[in-house]
Amino acid sequence: MENTSENIHFESRLDLSELHQRVHAVREEIKKVIVGQDKMIDKLLVAILANGHILLEGVPGVAKTLTAKLLAKTIDMDFSRIQFTPDLMPSDILGTSVFDIKTSEFEFKKGPVFSNLILIDEINRAPAKTQAALFEVMEERQITIDGNTYTMDKPFLVIATQNPIEQEGTYRLPEAQLDRFLFKINFDYPNLEEEILILQREHQIQNQSKEDQISKILLPAEIIAFQQLVKQIIVEENLLHYIAKIVGNTRENPLLYLGASPRASLAILNAAKGFAAIAGRDFVTPEDIKEAAIPVIQHRVIVSPEREMEGLTAQDIIKQILETIDIPR
């Protein structure tokens, strides 16, 4: 009887084999072009599984936009790219009502945001009113214009890029908008070996397009199914307490001027499930939570001015918090 009970429990566990296989295939496709960014690619895939938006930050030339385009190429769904500029208006993104002479009525013309995967290039180049136009669609996956509500097709994901060093012609993203990104992913320079490999690959492909090297792997329906599957991943009660302690510490930490909101707690939970899923596990571990903590929290907190002048970053403080809180066993 005892063995039967164990068998029933085993059979009821989540089957993540197909998800794990597809994620591996997508990872390998992107790695045909992108060199030495394995952890970053994993975070992109986790964000998709967790149904979260992504902010990519790095200096020019580290392949932020290319990575986003390659990811879009592996997924067989509608893709739209919007280049943000200082003169961009909200209607340029969302759409506008146009008067139709034939019918003598206004007709709504949808903007480029009506797609499944949106790449917003240099998001910090648009002014505040254009940034605000994204608030509703990023959080609620819908747009309200002229009293009418338009729901986005699923899946709906935003990948945005920004340059952290250039100040001229840029606008700081509002905290309310930063909070809507599941992850902020930092792109670093490649090391010497990776740089050599980049040069070798560039020389080998010659006149071929980088995007032509990538094949489609996933369908929109599969992504939606995988997102639902990831939500069912097991999280023990003590791990929920662990997440709450991490986020709670950011609000009490003297090194931080602003702590993380409950949305950060939910983001860590969902992201940790995503990390477990791509590892082929149907349960979350403390390591999954620690892996999710920095990309989830770093853009949601503000370092106190005194500490910032000393060169302390949000990443440094989050690492300190993770070291001080006991890991549940």
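What you are looking at is a predicted structure, and each value in this text was computed from that prediction instead of being measured.

Rules used throughout
Residues numbered from 1 in each chain as written. Predicted model: local features only at pLDDT ≥ 70, side-chain atom pairs only at ≥ 80, totals over all residues. Heavy atoms only, no water. Helix = DSSP H or I, 4+ residues; strand = E, 2+ residues; numbered from the N terminus. Buried < 20%, exposed > 50% of the residue type's maximum accessible area, 1.4 Å probe, protein only. Pairing = 2+ DSSP bridges. Axes fitted to C-alpha atoms, helices over the stretch in contact; angles between N-to-C directions. Arc of directions from axis to C-beta. Contact = heavy atoms within 4.5 Å. pLDDT = per-residue confidence, 0-100. Salt bridge = Lys/Arg side-chain N within 4 Å of Asp/Glu carboxyl O.

## Comments concerning unusual backbone geometry
Residue Pro155 is reached from Lys154 by a cis peptide bond, and omega for that bond is -10°. Along the chain, Pro155 falls in the loop between β7 (148-151) and β8 (157-162). Phi is positive for Glu122, which is not a glycine, with a value near 55°. Among the secondary structure elements, Glu122 is positioned in the loop between β5 (117-121) and α6 (128-132). Taking relative accessible area as the criterion, Glu122 reaches 25% and is therefore assigned partly exposed.

## What to know about the sheet that holds strand β2 (residues 79-83)
Taken in spatial order, the 5 strands make up an open sheet running β2-β5-β8-β1-β9, and their pairing is parallel. Single-partner strands in this sheet number two, and they are β2 and β9 (181-186). Taken over all neighbouring pairs, the strand axes of this sheet differ in orientation by 15° on average, direction set aside.

## A word on the side chain of Gln131
Tracing the sequence through the fold places Gln131 in helix α6. Here Gln131 falls in the buried class, since its relative accessible area comes to 1%.

## Let's talk about helix α15 (residues 314-324)
Among the residues making up α15, those that are buried are Ala314, Ile317, Ile318, Ile321 and Leu322. For α15, the angular spread of buried residues about the axis comes to 140°, placing them on one side. Exposed side chains of α15 directed beyond 90 degrees from the buried face belong to Glu323 and Thr324. If you follow the buried residues of α15, they end up packed against α11 (237-252), β10 (256-258), α13 (286-297) and β11 (302-303).

## A look at the confidence of the model for the chain
In the predicted model, the chain carries a mean pLDDT of 86, and the fraction of residues at 70 or more is 95%. Averaged over each element, pLDDT in the chain is lowest for helix α1 (residues 2-11) (43) and highest for helix α12 (residues 262-278) (95). Scored below 50 in pLDDT, residues 1-12 makes 0 contacts in the model with residues more than four places away or belonging to other chains.

## Structural notes on the pattern of salt bridges
All chains considered together, the criterion is met by 15 salt bridges. For Arg81, the salt bridge goes to Asp121, with nearest N and O atoms at 2.6 Å. Of the two residues, Arg81 is situated in strand β2 and Asp121 in strand β5; the sequence distance between them amounts to 40 residues. Of the residues examined, Asp121 reaches a relative accessible area of 6% and is grouped as buried. Salt-bridge contacts for Glu122 lead to Arg125; the nearest nitrogen and oxygen are separated by 2.8 Å. Take Arg125: its relative accessible area is 16%, and that puts it in the buried class.

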